[in-house]
Amino acid sequence: MQNKKYNVAVMGATGVVGNCFLRILEEKKFPINKLRLLASERSIGEKLKFNGKSYPVEVLGHDSFEGIDIVLSSAGASRSLEFLPSAVKAGAVCVDNTSAYRMEKDVPLVVPEVNAHRIKGHKGIIANPNCSTIQMVVALYPIHKAAKIKRVVVTTYQSVSGAGQKKIQELREQSKDFLAGKKIKSVEFPHPIAFNLIPQIDLFMDNGYTKEEMKMVNETKKIMDDDSIQLNATCVRVPVFYSHSESINIETEKYIGADEVRKILTKAPGVKVVDDPKNKSYPMPIYAEGKDEIFVGRIRKDESVHNGISMWVVSDNIRKGAALNAIQIAEILIK
Ligand code: L14
C-alpha cells in the first residue's frame, strides 16, 4: 500500500465544505492520482484550483464514479441518498458529510478521536457527524472515559457558514445595510441574522426540538457507543461567519473536579485547552477560524450539583466540523 495513490471524487466541490476539502487535501499532501470535481449543472463551466492546477467541474451523475477509490461528499443529503449507492456499486468508499446515512445501523458514524475503530466495519459508506456533534464529542469523550457522563445540557452558537455560501453572503449584506440605515432583506434565513439570534437550525419536529438538536442527541449516543447518556440541546444561529461555539454542562457518575478535567483535556487528542480567565483567555470563534483543534475553556465546577462541570467549546465548523474530520477518516482508510 505504500506510495499508492488514490482516485478521489469530491461531491459538492464548489460549496463551502467542498472548497475546504481541496485546501486540506493540498495541506496534507493526500496521495491523489486522479481528482474528479463533481457538482450540479449550476456549476458547469466552473474551474477550481488544486495544487496549482485547474480542474473542470463535472456534472454529478450515476456514472461519475468509475475508477474512483474515495468519494468525499458534501452536496446535501438528498444527493447523497441518490448518488452514493452508485458510488458504492462502482467500488468506491464514500465519506459522507450529510445527515443522509448517519443513523443507519450498517453505517459507521466516526470521529477519529473517539471511535476510529468503527471505520473498518464499513460497507462502502462512512458518515461524518453533524458539525456541532463533532466538536462536542471530541471534548466529552475523554471526560466520559474518566468519570462516565450521565447527562449533558448543551446550547450552541452556530455560525452561518455551515448553511452555505448564500447564507454567508446574506449576513454580509444585512450587516452593511443595517449599518447604513437601510431596510434589511431576509431571503436565506427566516428572520434577519445580522445583529440578531435565531433559535432554529433545521426544521422543527413534533417534540418541539429542531432536527439539528435531535441530531446532537442521537449522534452523540451512537459515536460514544452509549445509549444511557441523556442529552438536551438548544441550537441557535448567531451572526458569526465561521466557527461554532457551545456552552456545555455535564453531570458525571463519578466525581471529577475542574482541575482534573483541565488535565485530561490538555492531553486529549484534537483538543487545545485555552483557559486562563484572569487574563481574559478563553476560546472564541474568530480565533478558532482556520484552525484544526477543538478549543476548550471556561472549565469550572457546576456548583448546583455534586458531580457537575461546565465548559465552553469552540471549533471551526467547516474544518473539524466537516472537511477535516472527513479527510482524517480517509487517511485512516488508506493507512
Ligand atoms: O447535519 O449550519 O450536516 O445549517 C449541515 C448544515 C447541520 C446544520 C448537517 C447548518 C447540517 C448545518
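In what follows, the structure referred to is the one given above.
Residues numbered from 1 in each chain as written. Predicted model: local features only at pLDDT ≥ 70, side-chain atom pairs only at ≥ 80, totals over all residues. Heavy atoms only, no water.

*Asks:* Talk me through the sheet that holds strand β3 (residues 47–50); I want residue IDs and the actual numbers.
*Replies:* The mixed open sheet is built from 7 strands, whose spatial order is β3-β4-β2-β1-β5-β6-β7. Edge strands, defined here as strands with exactly one partner in the open sheet, are β3 and β7 (125–127). Pairwise comparison of adjacent strand axes, ignoring direction, gives a mean angle of 25° for this sheet. In the sheet, strand β5 (residues 70–73) pairs with strand β6 (residues 93–96) via 4 bridges, with the strands oriented parallel. Residue pairing in the sheet places S73 in a bridge with D96 of β6. In the packing of helix α1 (residues 16–27) onto the sheet, contacts are made with β1 (6–11), β2 (32–39), β3 and β5, and the angle to β3 comes to roughly 25°. Contacting β1, β5, β6 and β7, helix α2 (residues 77–89) crosses the sheet at an angle of about 160° to β6. (Pairing = 2+ DSSP bridges. Helix = DSSP H or I, 4+ residues; strand = E, 2+ residues; numbered from the N terminus. Axes fitted to C-alpha atoms, helices over the stretch in contact; angles between N-to-C directions. Contact = heavy atoms within 4.5 Å.)

*Asks:* Tell me about the side chain of N325, and name the residues and values.
*Replies:* Topologically, N325 is positioned in helix α9 (residues 319–334). On the basis of relative accessibility, which here comes to 0%, the residue N325 falls in the buried class. Only 3.0 Å separates the side chain of N325 from the backbone oxygen of V110, close enough to count as a polar contact. Every residue in contact with N325, bar those within four places of it in the chain, is listed here: V110, V111, P112, E113, N128, P129, I134, R319 and K320. (Buried < 20%, exposed > 50% of the residue type's maximum accessible area, 1.4 Å probe, protein only. Polar contact = N/O pair within 3.5 Å; in protein donor to acceptor, adjacent residues only side chain to side chain.)

*Asks:* So what's going on with the packing of aromatic side chains? Residues and values would help.
*Replies:* Remark: the centre distance and the inter-plane angle together describe each pair of aromatic rings, the angle taken between the planes. The full count for this structure, using the stated rule, is 3 aromatic pairs. Arranged with centres 5.2 Å apart and planes meeting at 70°, the rings of Y157 and W312 form a pair that is edge-to-face. Placement of the pair is Y157 in strand β8 (residues 149–158) and W312 in strand β13 (residues 308–315), with a sequence separation of 155 residues. Accessibility expressed as a relative area gives 33% for Y157, which makes it partly exposed. Centre to centre, the rings of F178 and F195 are 4.4 Å apart; their planes meet at 25°, and the pair counts as stacked. Of the two residues, F178 is situated in helix α5 (residues 165–179) and F195 in the loop between α5 and α6 (211–223); the sequence distance between them amounts to 17 residues. (Phe/Tyr/Trp six-rings, centres within 6.5 Å; stacked < 30°, edge-to-face > 60°.)

*Asks:* Quick rundown of the sheet that holds strand β9 (residues 230–237)? Include the residues and the values.
*Replies:* The strands making up a sheet associate through backbone hydrogen bonding, with each pair oriented either parallel or antiparallel. If you walk across this open sheet you meet the 6 strands as β9-β8-β10-β13-β12-β11, and the pairing is mixed. Looking at the sheet topology across the chains shown, the edges are occupied by β9 and β11 (271–273). The average undirected angle you get between the axes of adjacent strands in this sheet is 20°. Of the strands in this sheet, β8, β9, β10 (244–252), β11, β12 (294–301) and β13 touch helix α4 (residues 131–147), which is tilted by about 25° from β10.

*Asks:* For the pattern of salt bridges, give the residues involved together with the corresponding values.
*Replies:* Inspection of the entire model under this criterion finds 15 salt bridges. One salt bridge in this structure joins K123 and D106, with 3.8 Å as the shortest N-O distance. Note that K123 is positioned in the loop between α3 (112–115) and β7 and D106 in the loop between β6 and α3, a separation of 17 residues in sequence. Each of E27, D292 and R319 takes part in one network of salt bridges that share partners. (Salt bridge = Lys/Arg side-chain N within 4 Å of Asp/Glu carboxyl O.)

*Asks:* So what's going on with a positive patch on the surface? Which residues, and what values?
*Replies:* Together, R172, K176, K182 and K185 line one region of the surface with positive charge. Tracing the backbone through its elements, the reader meets R172 in helix α5. (Patch = residues over 30% accessible without salt bridge, like charges linked within 9 Å, V, L, I, M, F, W, Y side chains within 5 Å. Areas by Shrake-Rupley, 256 points an atom, 1.4 Å probe, with all protein chains shown as cover. Lys, Arg positive; Asp, Glu negative; His and termini not counted. Charge placed at Lys NZ, Arg CZ, Asp CG, Glu CD.)

*Asks:* Talk me through the site of the ligand; I want residue IDs and the actual numbers.
*Replies:* Lining the immediate environment of the ligand, one finds N97, R102, N130, G162, A163, I201, E212, K215 and R237. Here an oxygen atom of the ligand and a side-chain polar atom of R102 are 2.8 Å apart. The contact in question runs from an oxygen atom of the ligand to an N or O atom on the side chain of K215, over 2.7 Å. Contact with the protein chains hides 80% of the accessible area of the ligand, taken as 320 Å² for the molecule alone. Residue classes in the shell around the ligand are distributed as 2 nonpolar, 3 polar and 4 charged. (Near = heavy atom within 4 Å. Nonpolar A, V, L, I, M, F, W, Y, C, P; charged D, E, K, R; others polar.)

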